[in-house]
Amino acid sequence: MRIHRLSVAAFLIALMSGGAARADSEADRLREALRSATAQTRQLEDQRTALQAKVAAADREIAAAKAQTDAAKAQVRQIEKEHREAVDEFNKRLTERDETLEKWKTAYEEAATVARAKDAERAKFEGEAASFKASTKSCQDKNTQLVNAGREILQRYHKLTLGDALVASEPLTGLGRVGTQNFLQDSTDKILDQKVTP
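Residues numbered from 1 in each chain as written. Predicted model: local features only at pLDDT ≥ 70, side-chain atom pairs only at ≥ 80, totals over all residues. Heavy atoms only, no water.

## Brief notes about the overall build of the protein chain
Counting its secondary structure elements, the protein chain contains four helices and zero strands. The N-to-C order of helical and strand elements in the protein chain reads α-α-α-α. A buried classification covers 9% of the 198 residues belonging to the protein chain. Contacts in the protein chain between residues at least 24 apart in sequence constitute 67% of all its contacts with a sequence separation of at least 6. About 16700 Å² of surface is accessible on the protein chain, with carbon and sulfur atoms providing 60% of the total. (Helix = DSSP H or I, 4+ residues; strand = E, 2+ residues; numbered from the N terminus. Buried < 20%, exposed > 50% of the residue type's maximum accessible area, 1.4 Å probe, protein only. Contact = heavy atoms within 4.5 Å. Areas by Shrake-Rupley, 256 points an atom, 1.4 Å probe, with all protein chains shown as cover.)

Here is the structure:
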């Protein structure tokens, strides 16, 4: 571009020197045009330099923005990776918790079943114990009555005299024998009443 300006300037100077016969006004006009062109060239050169500086600054900003974008993308990828790992870990723990919870639930149900069975067994045994207590009480009562019946027989036997024996075996009226048989029958009934049936 400088070469172009120099050639324009040389051309203008050549015109000016070749045309010395022309009027000074033409030379002044050309000089003014040359000055104006030079000023415009300098101004354009300054604008170009300023624009190049702006382009360089924009390129630096673009490079910085690209670096920031790349860093942000890398950070996002890292965060996404960490998020996926955290979600996977959470899901794994959740699965383990569900499995443990299911095991506890199964164990609880088994324990509850055993407890219900034990409660039913206990209730059965309590019923049997109550029945055995009542049966034992009844047996004790019957045993007491049986002992009393045995004592009555023994007392009567101890009180038996020779006269009582003769009256009991007296064949004529048979009253003694009937009384003895009645006593034996009553005693037998009392003893049989006390028999415990399983």
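## With respect to the environment of Leu-184
Looking at the element boundaries, Leu-184 is found in helix H4 (residues 175-193). In this structure Leu-184 comes out as partly exposed when scored by relative accessible area, which is 48%.

## Overview of the pattern of salt bridges
Enumeration over the complete set of coordinates arrives at nine salt bridges. The partner of Arg-97 in a salt bridge is Asp-98, with the nearest N and O atoms 2.8 Å apart. Note on Arg-97: relative accessible area 45%, which makes it partly exposed. Bridged by salt links that share partners, the residues Asp-119, Arg-122 and Glu-126 form one connected network. (Salt bridge = Lys/Arg side-chain N within 4 Å of Asp/Glu carboxyl O.)

## Here's the deal with the side chain of Glu-45
Turning to its location among the elements, Glu-45 is positioned in helix H2 (residues 24-159). When its relative accessible area of 17% is taken as the criterion, Glu-45 is described as buried.

## Brief notes about the confidence of the model for the protein chain
As a note on interpretation, predicted positions should not be read in detail where pLDDT is low. Here the protein chain shows a mean pLDDT of 80. Residues at 70 or above account for 73%. By mean pLDDT, helix H1 (residues 2-18) is the weakest element of the protein chain at 57, and H2 is the strongest at 88. (pLDDT = per-residue confidence, 0-100.)

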